[in-house]
Amino acid sequence: QVQVVESGGGLVQAGGSLRLSCMFPGLRFDGHEFAWFRQAPGKMREGVSCISLKGGVTYYADSVKGRFTISRDNAKNILSLQMNNLTPEDSATYYCAATTRYCSISEPDRYDYWGQGTQVTVSS
C-alpha cells in the first residue's frame, strides 16, 4: 500500500516562493517517474512539470517555465517542486503523482498514485 505524503502549500504574496514536497512510503521510488499537476476551481487539471527516473530529463508547462523547478532526491525518496515568482494565476490545488511509465504533463491517466493535494494561494 502506498500512502502519499504531500506538504508545502500555503498563502503567499505575489512574487513570493513556495517549495512543495512529496514522499511515497511503500513505493519503489527509483522505479517511478513523477509529476506535479494543479487544478483551480472551475478549471481543468493541468500538468505543471514532470521528471524522469534519475532526474536527467524534465518537462515544464510554458506557464511555469523559468519560475518552477522540479527535482527528486533518490537517496531520500523525496519529490519536490520549487516555485518562485508566484502570481495569482498559480493559485490552485497541487498534486504530486507517480507512474511506472515515462512521465508526461499531458496524460494524467498514466499516473498510478496521487498525493492528497496541497493548496497554494497567491495574493495580489
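Provided above is the structure to which this section pertains.
Report follows, based on the coordinates. Source: prediction; values computed, not measured. (Residues numbered from 1 in each chain as written. Predicted model: local features only at pLDDT ≥ 70, side-chain atom pairs only at ≥ 80, totals over all residues. Heavy atoms only, no water.)

### Quick word on the pairing of strand E3 (residues 18-23)
Side chains Leu 18, Leu 20 and Cys 22 project from E3 onto a buried face, and the interleaved Arg 19, Ser 21 and Met 23 project onto a face without burial. Note: strand E1 (residues 5-7) against E3, three bridges, orientation antiparallel. Its bridge partner lying in E3, Ser 7 is registered against Ser 21. As paired strands, E3 and strand E8 (residues 78-83) are joined by six bridges and run antiparallel to one another. Bridged to Arg 19 within E8 is Gln 82. (Buried < 20%, exposed > 50% of the residue type's maximum accessible area, 1.4 Å probe, protein only. Helix = DSSP H or I, 4+ residues; strand = E, 2+ residues; numbered from the N terminus. Pairing = 2+ DSSP bridges.)

### Things to note about unusual backbone geometry
Backbone geometry places Asn 77, a non-glycine residue, at a positive phi of 60 degrees. On the basis of relative accessibility, which here comes to 30%, the residue Asn 77 falls in the partly exposed class. A positive phi angle, close to 50 degrees, is found at Asn 85, a residue other than glycine.

### Concerning the packing of aromatic side chains
Counted according to the given criterion, the structure contains five aromatic pairs. Between the aromatic rings of Tyr 111 and Trp 114, the centroid separation amounts to 6.0 Å while the plane-to-plane angle is 70 degrees, which identifies the pairing as edge-to-face. Take Tyr 111: its relative accessible area is 6%, and that puts it in the buried class. The class for Trp 114 is partly exposed, based on a relative accessible area of 27%. When the ring centre of Tyr 95 is taken as origin, the NZ or CZ atom of Arg 45, which lies over that ring, is 4.2 Å away. (Phe/Tyr/Trp six-rings, centres within 6.5 Å; stacked < 30°, edge-to-face > 60°. Lys NZ or Arg CZ within 6 Å of the ring centre and 35° of its normal.)

### Topic: the nonpolar core
With 29 residues, the main nonpolar core has Phe 24, Trp 36, Phe 68, Leu 79, Leu 81, Met 83 and Tyr 94 as its most contacted residues. Elements with a contribution of two residues or more to this core: E3, strand E4 (33-39), strand E5 (46-51), strand E7 (68-73), E8, strand E9 (92-99) and strand E11 (118-123). A per-element tally of this core places E9 first, with four residues. (Core = buried A, V, L, I, M, F, W, Y, C linked by side-chain atoms within 4.5 Å.)

### Focus: the pattern of salt bridges
A full pass over the atoms with the stated rule returns five salt bridges. We note a salt bridge from Glu 46 to Arg 38, for which the minimum N-O separation is 2.6 Å. On the accessibility criterion, Glu 46 (31% relative accessible area) is partly exposed. Since its relative accessible area comes to 4%, Arg 38 is described here as buried. (Salt bridge = Lys/Arg side-chain N within 4 Å of Asp/Glu carboxyl O.)

### Structural notes on the state of the cysteines
Summed over the entire model, instances satisfying the criterion amount to two disulfides. In this model, Cys 22 is linked to Cys 96 through a disulfide, with the two sulfur atoms separated by 1.8 Å. A torsion of -85 degrees about the S-S bond marks the disulfide between Cys 22 and Cys 96 as left-handed. Of this pair, Cys 22 sits in strand E3 while Cys 96 is found in strand E9, placing the two residues 74 residues apart along the sequence. Side by side, Cys 22 and Cys 96 carry an identical accessibility label, which is buried. Two residues, Cys 50 and Cys 103, share a disulfide whose sulfurs are 2.1 Å apart. Measuring the twist about the S-S bond at about 60 degrees, one finds the Cys 50-Cys 103 disulfide to be right-handed. (Disulfide = S-S within 2.5 Å.)

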